[in-house]
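Close look at the chain arrangement
Spelled out, the chains give:
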Amino acid sequence: MKPMFLPGVENNPQPSPYLDAIRTLQAAGQEYPQIWHLFAFRPKATAHLAAFTQEILREPGPLTPGFRELIAAYTSARNHCPF
């Protein structure tokens, strides 16, 4: 995977579940969402963003969670980033 645009964020993670996930997937040679680097950089500040994402994608709403995931995956593909 290419390095992030923000190496200061990528290279300064704090202990968190996101850091654990990053290291596990890196060790396995697998890709992962690079936004996890931001979540690992400032876990306390990004906890609200993670909760917001879960609420938007998975809670009841006019679109099914699967359709919302499809929209997010399509948007990520158009932006050339893994989903």
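In case you missed it, the structure is sitting above this.
To keep things clear, this report deals only with the structure shown in the data block. Note that the structure is a prediction, hence the values are computed from the model and not measured. (Residues numbered from 1 in each chain as written. Predicted model: local features only at pLDDT ≥ 70, side-chain atom pairs only at ≥ 80, totals over all residues. Heavy atoms only, no water.)

Some remarks on helix α2 (residues 17–27)
Among the residues making up α2, those that are buried are L19, I22 and L25. Along α2, the residues classed as buried sweep out an arc of 135 degrees about the axis, all on the same side. Those residues of α2 that are exposed and angled more than 90 degrees off the buried face are P17, R23, T24 and A27. The inward-facing, buried residues of α2 abut α3 (35–41). Backbone geometry just after α2 places G29 at a positive phi near 70 degrees. (Buried < 20%, exposed > 50% of the residue type's maximum accessible area, 1.4 Å probe, protein only. Helix = DSSP H or I, 4+ residues; strand = E, 2+ residues; numbered from the N terminus. Arc of directions from axis to C-beta. Contact = heavy atoms within 4.5 Å.)

A short note on the pattern of salt bridges
Oppositely charged side chains can form a pair if their charged atoms are brought close together. This structure, assessed with the given rule, holds one salt bridge. Its salt-bridge partner being E69, residue R58 comes within 2.4 Å of it at the nearest N-O pair. With R58 in helix α4 (residues 43–58) and E69 in helix α5 (residues 65–78), this residue pair connects regions lying eleven residues apart in the sequence. Judged by relative accessible area, which is 41%, R58 ranks as partly exposed. (Salt bridge = Lys/Arg side-chain N within 4 Å of Asp/Glu carboxyl O.)

Considering a nonpolar patch on the surface
Residues I35, L38, L49, F52 and I56 make up a contiguous nonpolar surface patch of about 430 Å² in total accessible area. Listed by contribution, the elements that provide at least two residues to the nonpolar patch are α3 and α4. Ranked by the residues each element gives to the nonpolar patch, the list is headed by α4, at three residues. (Patch = residues over 30% accessible without salt bridge, like charges linked within 9 Å, V, L, I, M, F, W, Y side chains within 5 Å. Areas by Shrake-Rupley, 256 points an atom, 1.4 Å probe, with all protein chains shown as cover.)

Things to note about the nonpolar core
In this structure, L19, I22, L25, Y32 and A40 together form the largest nonpolar core, which totals five residues. The greatest single-element share of this core, amounting to three residues, is contributed by α2. Filtering out sequence-adjacent residues up to four positions away, L19 remains in contact with P13, Q14 and A40. (Core = buried A, V, L, I, M, F, W, Y, C linked by side-chain atoms within 4.5 Å.)

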